[in-house]
Structures are given as C-alpha cells and as structure tokens.
Amino acid sequence: MKKFYLITNEVKDPQGTFTKKTAAYIEAHGGEAICVQNERQAFQEAEESQVDCALVLGGDGTVLRAARNMMDSAVPLLGVNLGTLGYLSEVESASVEEAIEKLLRDEYVREERMMLSGRILGRENEEEQYALNDIVISRCGSLQILNVRIYVNGQFLNNYGADGVIVATPTGSTGYNLSAGGPIVEPSARLLLLTPICPHTLNTRSIVFAPEDEIEVEIPCGKDGSEQVVEANFDGSHKVTLRTGDRIVIHRADKTTGIIRLQMESFLAVLHKKMCEV
C-alpha cells in the first residue's frame, strides 16, 4: 500500500493535529496521504485517485459512516481509535505509526464483512439503504410499547411487543445487539441476527437466521387501534420514518465492506481482552 485517504472525525480531532501528524508520517515514509472533508468526498475521488486504503480516524461510529458512504468503492477501511474502546477500530492512536509501517510493507489481511440491505415496500421513491452493523426498528415519541409483526421468507414468525427490534450482522453483534442481550458472533461468519429490544414478555430471545433468509417487519396498528409511527435506523446514522401499514424487507446485501486487519490475535483473544476491560 502506498496511497491513503485520511477520513477524520472532526469532533475527536477538532484542530486536525492528529490528522496532520499522521499524514506527515505517511509522506515521510514514502507514502501519499490525501486528507478529505468527509466520506462522500472520499468516495467521489476513489476511482480517479486509485487509493489503496482509507484510514478512518475517530471511533466505531466514524467507521460505520465511512462503510455506508464508500460501499460502492473497492477501498478497504482501517479504523484508528480516537475515542472510547470499540470493536471496529483496529488501531489505537498510540500505535498508528507502527500500523502505517505495516501497511506500507503490505503486512495486513483484508476481510470482507457482510452488510444488510433494507427496503420499504410500496414506496417508489424510497432508495434501498445499507448497514454494516444493524438495522434497528424502534419507537419514537412517547414511551409506548411498539408492536411489530415479523415474517421470514414470507412466512409469519411472531408478533413482538417491545421497544423495538434489531436485525444485525455478525459485525454488529457486538453493538446494540449485545446491549439488548443478543449473542456475540465471530465477525467473519455469515448469518442474520434478530433481537428484540426490551421485550414485554418472559420468553422472547434472539433468533439466528441463515444469510439467505429475508426478514420482513410489518408495522400494524397499536393495541388501541391507533397509528404507530416508528423509525428504521441504519447503523445509527440514517433514519427512515415508518407508519402503520408499512413493511420493511431486510436481507443480506450484495455489497460488502473491506476491513483491514493488522493484529494477529484471534477474535476470542480480542474478546477476552475487552471483557477484562469492563
């Protein structure tokens, strides 16, 4: 690798000090660094610039935004953590120089992470939306129970009364899914996770589906017959409003996100370390 994008979370590096230092280190060691304002600018320039890798300086949220905005390019991402501990940020800020040296020597592994696609039925102008971590259907407004109906491959599965439901990828299993009591999954696996959020029952658990399955979430009337207004949230950065009668179909996307791995530690070793940090 020789040519890099630097995509920075300006909240976590407000003066650009870390970004400039990182760019200078790349240039001093024979590489080329291109600092961009945001992920969309990076994607627009990706094909012409023939960039080898995007260094995402921020946290897991910054990596997720970059994954969504650059999913049509072939540029892989390497997360550099400037915030709290996360699972997507491969490199801590103190180790960025060592990481750059490995990249310049081509000492890395590229992983292709599966993504989700979500499309609302019956809306001609509604674009298909994508997520690397999860698609969350949650209530908005007053603190009322959200009622949803779940279908899998066209077959009715169950009614849920909860604060919402999460459909997650293996990468997203350590995100909101984990906080909601869902299982942790090895990120290179291929499957779909369905996890209710604070279900109002004693026997509701997460369900694991095959990657080929299609999950459909229907928004019915509320218990009192009133209209429900909810949100479909894609990786926490893009929201679509749903109302009674709407259906959103979620399945494995035909796109993937390239993630750069530098550490030789296994997923279990990383998981053990993060559990010990709690």
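Presented here is a report on the structure given in the accompanying data block. (Residues numbered from 1 in each chain as written. Predicted model: local features only at pLDDT ≥ 70, side-chain atom pairs only at ≥ 80, totals over all residues. Heavy atoms only, no water.)

**A closer look at the overall build of the chain**
Selection rule: Numbered from the N terminus, helices here are DSSP runs of H or I no shorter than four residues, and strands are runs of E no shorter than two. Two residues form a contact once any of their heavy atoms are found within 4.5 Å. Areas reported as accessible are Shrake-Rupley estimates using a 1.4 Å probe. Residue values count occlusion only from the protein chains shown. The convention is simple: Lys and Arg are positive, Asp and Glu are negative, and His and the chain ends are not counted. By convention, charge coordinates are those of NZ in Lys, CZ in Arg, CG in Asp, or CD in Glu.
When helices and strands are counted, the chain shows six helices and 17 strands. C-alpha extents for the chain along the principal axes are approximately 65 × 45 × 35 Å. Of the contacts formed within the chain by residues at least 6 apart in sequence, a portion of 67% connects residues at least 24 apart. Put simply, the chain shows about 13,400 Å² of open surface, and 47% of that area lies on carbon and sulfur atoms. For the chain, the separation between the mean place of its 27 positive charges and that of its 40 negative charges on side chains is 3 Å.

**What to know about the environment of D235**
Structurally, D235 can be placed in the loop between β15 (229-234) and β16 (238-243). Residues D235 and K223 lie twelve residues apart in sequence; the distance between their C-alpha atoms is 29 Å. Those residues in contact with D235 that sit more than four places away from it in its chain are L64, R68, A131, L132, N133 and D134.

**A closer look at a nonpolar patch on the surface**
Rule in force here: Note on patches: the residues involved have over 30% relative accessible area and no salt bridge, like charges join within 9 Å, and the nonpolar side chains Val, Leu, Ile, Met, Phe, Trp and Tyr join within 5 Å. Salt bridge criterion: a side-chain nitrogen from Lys or Arg within 4 Å of a carboxyl oxygen from Asp or Glu.
Together, Y87, L178, I184 and M275 give the surface a local cluster of nonpolar side chains, amounting to about 320 Å² of exposed area. Along the chain, M275 turns up in helix α6 (residues 267-277).

**A closer look at the layout of surface pockets**
The line we're drawing: Using protein atoms alone on a 1 Å grid, points that fit a 1.4 Å probe yet trap it form a cavity, whereas open point sets bounded by protein on both sides within 12 Å along at least five of seven lines form a pocket; residues with an atom within 4 Å of a point count as lining. Grid points are joined across faces, edges and corners, and a volume is the space filled by probe spheres set on the points. Amino acid classes used here: Ala, Val, Leu, Ile, Met, Phe, Trp, Tyr, Cys and Pro are nonpolar; Asp, Glu, Lys and Arg are charged; the rest, including Gly, are polar.
By volume, the second largest pocket amounts to about 270 Å³. As for the second largest pocket, its lining consists of 15 residues, and the residues nearest its centre are Q144, I145, S226, E227 and Q228. Counting only elements with at least two residues in the lining of the second largest pocket, the list comes to β9 (146-152) and β15. For the lining of the second largest pocket, the per-class residue count stands at five nonpolar, six polar and four charged.

**Here we look at the sheet that holds strand β13 (residues 207-209)**
Filter applied, for reference: Strands qualify as paired when DSSP identifies two bridges or more between them. Where helices are involved, their axes are fitted lines through C-alpha atoms of the stretch in contact, as for all axes, and angles between N-to-C directions lie from 0 to 180°.
Pairing is antiparallel in the open sheet, where six strands are placed in the order β13-β12-β11-β8-β15-β16. The sheet is open, and its two edges are formed by β13 and β16, each paired on a single side. Taken over all neighbouring pairs, the strand axes of this sheet differ in orientation by 20° on average, direction set aside. Here five bridges tie strand β8 (residues 134-139) to β15, and the two strands are oriented antiparallel to one another. The partner of I135 across the bridge, within β15, is F234.

**Brief notes about the packing of aromatic side chains**
The cut-off we apply is this: In summary, the pairing rule links any two rings of Phe, Tyr or Trp, Trp by its six-membered ring, whose centres are within 6.5 Å, and it sorts them by plane angle into stacked for under 30 degrees, edge-to-face for over 60 and tilted for everything else. Here's how the labels work: a residue is buried when its accessible area is under 20% of the maximum for its type, exposed when over 50%, partly exposed in between, all with a 1.4 Å probe on protein chains only. Geometrically, a lysine NZ or arginine CZ counts as sitting over a ring once it is within 6 Å of the ring centre and also within 35 degrees of the ring normal.
With the rule as written, the count across this model stands at one aromatic pair. Between Y151 and F156, the ring centres sit 5.5 Å apart and the planes meet at 65°, which makes this aromatic pair edge-to-face. Looking at Y151, the relative accessible area reads 15%, which means it is buried. Sitting above the plane of the Y151 ring, R247 keeps its charged end 4.9 Å from the centroid. One residue, K255, lies across the ring of Y130, its end atom 5.5 Å from the ring centre.

**Some details on helix α4 (residues 96-104)**
Using the following cut-off: Working note: the arc is built from the helix axis to C-beta atom directions.
Along α4, the positions that sit buried rather than exposed are V96, A99, I100, L103 and L104. Buried residues of α4, viewed axially, fall in a sector of 135°; they line one side. In this fold, the buried residues of α4 make contact with β1 (3-8), α1 (17-28), β3 (53-58), β4 (77-81), β5 (91-92) and β17 (247-261). D106 lies just past α4 and shows a positive phi near 60°.

**Let's talk about the side chain of S89**
In this structure, S89 sits in the loop between β4 and β5. A residue is classified by how much of its surface remains accessible, and S89, at 8% relative accessible area, is buried. In this structure, S89 is in contact with G59, D60, V63, G79, V80 and N81, ignoring residues within four places of it in sequence.

**Regarding the pairing of strand β12 (residues 192-197)**
In terms of residue burial, β12 counts as a mostly covered element, since six of its six residues are buried. Taking every second residue as pointing to the same face, both faces of β12 are buried, with L192, L194 and P196 on one and L193, T195 and I197 on the other. Here strand β11 (residues 164-168) runs beside β12; their pairing, made up of five bridges, is antiparallel. When the bridges of β12 are listed, G164 appears paired with I197. The sheet contact formed by β12 and β13 spans three bridges and is antiparallel. Opposite L194, over in β13, you have I207 as the bridge partner.

**Things to note about empty space enclosed by the protein**
Following the criterion strictly, the structure yields one cavity of 30 Å³ or more and no others. Surrounding the largest cavity, F18, K21, T22, Y25, V96 and E97 form its lining. Of all the elements in the fold, those that place two or more residues in the lining of the largest cavity are α1 and α4. Here the element with the most residues in the lining of the largest cavity is α1; it accounts for four residues. Among the residues making up the lining of the largest cavity, the classes are represented as three nonpolar, one polar and two charged.

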